[in-house]
Amino acid sequence: MRRVLAWGLLLALLAAPGAGAVEPGEMLSNTVLEARAQAIGKELRCLVCQNESIEDSGADLAHDLRVLLRQRLAAGDTDQQAIQYIVDRYGDFVLLKPPVEPATWVLWFSPFAILILGGAGIWLYLRRRGTGMVSGDRPLTPEEQRELDRLLHEDQ
Amino acid sequence: MNFRRAFFLLPLVLFLVLAAYFWRGLSPDYDPQTLPSAMIDKPEPVFSLATLGNSGALTTDDMKGQVVLVNFFASWCVPCREEHATLMQFARDNAVPLYGIAYKDKPADAAKFLQSLGDPYKRVGLDESGRTGIDFGVYGVPETYAIDRQGRIRWRHVGPLDANAVAKELNPLLRELGAS
């Protein structure tokens, strides 16, 4: 019984959504707006810690930005407008997912370029090794074929 | 054959590219945490702040038509103490108005800070909510902004201002803007 309880507790903990750093006092009473604010907040970088979203960060600035974001949404901003408001002040760096534009092409497409280059390299290597193993393209002479057959059937 | 030879050069090319990146990263002036400002060449945000010593509101209009510096500081900020001597020296050497904005600081604490270390500022605005800081794109005090006669932000320095940054960046800019 105790074991069942322990497992139940563990599962409940695992199933609970990540709480983030949002404090109860910051949340909007309107659950739809609050959900939108949390979704946007997960996409915005905390500029103090730089590798956490403002939803996850305990930094003061992250708190201020969460409150600001909720005020913008409550005032009737669309998601896009609210994000733009913060991007206008802090630049594209505040977006955890950078936009695809010429300056970020290397960032977005270099993994695929490296995959293609590496794949081509492996393909070339394997092809060359494959042909290298056969001594020329000449078929076996009748003597060689007889010798091969003899060796293959020696045990029988 | 040429292709194969080029293939052997690939590691060398990669090495040189990486070496260039690492060389830049090792430079003592390079701080990977420093972010470029999105506000450069944009108009100074509109604000109206209560001031230390109740000298009326400090507003964007007070800075119109002249080259000014705006310095965000706070009494709780350790690097701000480090930079304070540089600001004092700057105020002695320059006629350029230096405005202070106390970022998320209690007025009494900011006043005590300036009493004990000296007050280099023409006036000090109080940004207790931090909202003016956000409008400037401040992500950590101290930060210093230079604003031109047209009211556009021309320069931003993150972290404590030192004599080196003043000599190498700020003074040439002020000369270019015709302020000194």
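Each value, and the rule that gives it
Chains are numbered independently. Their residues run from 1 in the order of the written sequence. The naming scheme follows written order: chains are lettered A onward, ligands numbered 1 onward. Reporting in this predicted model follows two pLDDT cut-offs: at least 70 for local features of residues, and 80 or more for side-chain atom pairs to be given and counted; totals over whole chains, interfaces and linings ignore these cut-offs and use all residues. Processing note: side-chain calculations cover all non-hydrogen atoms of the structure and skip hydrogens and water entirely. Throughout, a residue-residue contact means that at least one pair of heavy atoms, one from each residue, lies within 4.5 Å. Defined in terms of a 1.4 Å probe, buried area is the accessible area two parts forfeit on being brought together, summed over both. Should a side-chain nitrogen of Lys or Arg be within 4 Å of a carboxyl oxygen of Asp or Glu, the pair is scored as a salt bridge. Any pair of nitrogen or oxygen atoms within 3.5 Å is treated as a polar contact; in protein, a donor-acceptor pairing is required on top of that, and neighbouring residues in sequence qualify only through side-chain atoms on both sides. Secondary structure elements are taken from DSSP: a helix is a run of H or I of four residues or more, a strand is a run of E of two residues or more, and numbering for both begins at the N terminus. Burial classes: relative accessible area under 20% of the type maximum marks a residue as buried, over 50% as exposed, and values in between as partly exposed (1.4 Å probe, protein chains only). We call Phe, Tyr and Trp rings a pair once their centres come within 6.5 Å, taking the six-membered ring for Trp, and we label the pair stacked below 30 degrees between planes, edge-to-face above 60, and tilted otherwise. The rule is short: NZ of Lys or CZ of Arg within 6 Å of the ring centre and within 35 degrees of the ring normal puts a charge over the ring. Every residue is assigned a pLDDT by the predictor, reflecting its confidence on a scale from 0 to 100. To qualify as a nonpolar core, a set must consist of buried Ala, Val, Leu, Ile, Met, Phe, Trp, Tyr and Cys residues joined through side-chain atoms within 4.5 Å. Two cysteine sulfur atoms make up a disulfide if the distance between them is within 2.5 Å. Put plainly, a pocket is an open set of points on a 1 Å grid over the protein atoms alone with protein on both sides within 12 Å along at least five of seven lines, a cavity is a set where a 1.4 Å probe fits but cannot get out, and a lining residue has an atom within 4 Å of a point. Grid points are joined across faces, edges and corners, and a volume is the space filled by probe spheres set on the points. All amino acids are sorted into three groups, where Ala, Val, Leu, Ile, Met, Phe, Trp, Tyr, Cys and Pro are nonpolar, Asp, Glu, Lys and Arg are charged, and the leftover types, Gly among them, are polar. Here a strand pair is declared whenever DSSP counts at least two bridges between the two strands. Helix axes use the C-alpha atoms of the stretch in contact, all axes being lines fitted to C-alpha atoms, and the angles between their N-to-C directions lie in the range 0 to 180 degrees.

On the chain B side, the residues contacting the 19 residues of chain A number 17 residues. Taken together, the two surfaces of chain A and chain B that pack against each other cover about 1500 Å², and 52% of this comes from carbon and sulfur. Counting the surface chain A buries against chain B, the share from its top three residues, A:Asp64, A:Arg89 and A:Tyr90, is 35%. At the surface where chain A touches chain B, the tally comes to 2 salt bridges. A salt bridge links A:Asp64 to B:Lys104; the nearest nitrogen and oxygen atoms lie 2.5 Å apart. In this assembly, chain A and chain B are joined by 5 residue pairs in polar contact (both at pLDDT 80 or more). Of all the elements in the fold, those that place two or more residues in the side of chain A that touches chain B are helix H3 (60-74), helix H4 (79-90) and helix H5 (105-133) of chain A. It is H3(A) that contributes the most residues to the side of chain A that touches chain B, 7 residues altogether.

All names here are of chain B. Here Leu-173 lies in helix H5 (residues 163-176). Take Leu-173: its relative accessible area is 11%, and that puts it in the buried class. Note: C-alpha distance between Leu-173 and Trp-155 (18 residues apart in sequence) is 8.3 Å.

This part is about the packing of aromatic side chains. Per the counting criterion, the structure on display carries 6 aromatic pairs over all chains. Each ring, one from B:Phe47 and one from B:Phe136, has its centre 6.0 Å from the other, and the planes form 50°; the classification is tilted. Separated by 89 residues along the polypeptide, B:Phe47 in the loop between helix H1 (2-26) and strand E1 (48-49) and B:Phe136 in helix H4 (residues 131-136) bring together distant segments of the chain. No difference in accessibility class separates B:Phe47 from B:Phe136, as the two residues are buried. Taking 5.0 Å as the distance between ring centres and 65° as the angle between the ring planes, the aromatic pair formed by B:Phe72 and B:Phe136 counts as edge-to-face. Pair noted here: B:Phe72 is in strand E3 (residues 68-73) and B:Phe136 is in helix H4, with a separation of 64 residues, a long-range link. With respect to class, B:Phe72 is no different from B:Phe136; both count as buried. Joined through ring pairs, the aromatic side chains of B:Phe47, B:Phe72, B:Phe136 and B:Tyr145 make up one cluster. If you follow A:Arg45 out to its NZ or CZ, it ends over the ring of A:Phe93, 4.1 Å from the centre. A cation over a ring is seen here: A:Arg72 above A:Tyr85, with NZ or CZ 4.0 Å from the ring centre.

Glancing now at the confidence of the model for chain B. Mean pLDDT for chain B: 91, with 98% of residues reaching 70 or above. Scoring the predicted complex yields pTM 0.76 and, for the interface, ipTM 0.80.

Before going further, it helps to spend a moment on the nonpolar core. Among soluble globular proteins, nonpolar side chains are generally buried collectively. Of all hydrophobic cores here, the largest spans 68 residues; its most connected members are A:Leu65, A:Ile86, A:Tyr90 and B:Phe72. Contact partners of A:Leu65, with chain neighbours within four places excluded, come to A:Leu47, A:Ile54, A:Ile86, A:Tyr90 and B:Ile134.

With that out of the way, let us pick up the state of the cysteines. All names here are of chain A. Scanning all chains against the criterion turns up 1 disulfide over all chains. With no disulfide of its own, Cys-46 has Cys-49 as its nearest cysteine by sulfur position, at a separation of 3.0 Å. In this structure Cys-46 comes out as buried when scored by relative accessible area, which is 1%. Of the residues examined, Cys-49 reaches a relative accessible area of 30% and is grouped as partly exposed.

Summed over all chains, the structure comprises 1 cavity of 30 Å³ or more. Lining the largest cavity we find A:Leu47, A:Arg89, A:Tyr90, B:Leu35, B:Pro36, B:Ser37, B:Ala38, B:Gly137, B:Tyr139 and B:Arg156. When its residues are assigned to classes, the lining of the largest cavity shows 6 nonpolar, 2 polar and 2 charged.

All right, on to the sheet that holds E3(B) then. Think of a sheet as strands paired side by side through backbone hydrogen bonds, with each pair either parallel or antiparallel. Residue and element names in this part refer to chain B. Taken in spatial order, the 5 strands of this open sheet run E5-E4-E3-E6-E7, and their pairing is mixed. Unpaired on one side and paired on the other, strand E5 (124-127) and strand E7 (153-158) mark the two borders of the sheet. Here the average twist between neighbouring strands, direction ignored, is 20°. Pairing of E3 with strand E4 (residues 98-103), which is carried by 5 bridges, proceeds in the parallel orientation. In the sheet register, Phe-73 faces E4, and the bridge partner there is Ala-102. Running over the sheet, H5 touches E3, strand E6 (143-147) and E7 and is turned about 170° from E7.

Residues and elements named next belong to chain B. Positionally, His-84 belongs in helix H2 (residues 78-93). Side-chain polar atoms of His-84 contact the backbone oxygen of Gly-118, separated by 2.7 Å. Once you skip the residues sitting within four places of it in the chain, His-84 turns out to touch Phe-113, Leu-114, Leu-117, Gly-118, Pro-120 and Tyr-121.

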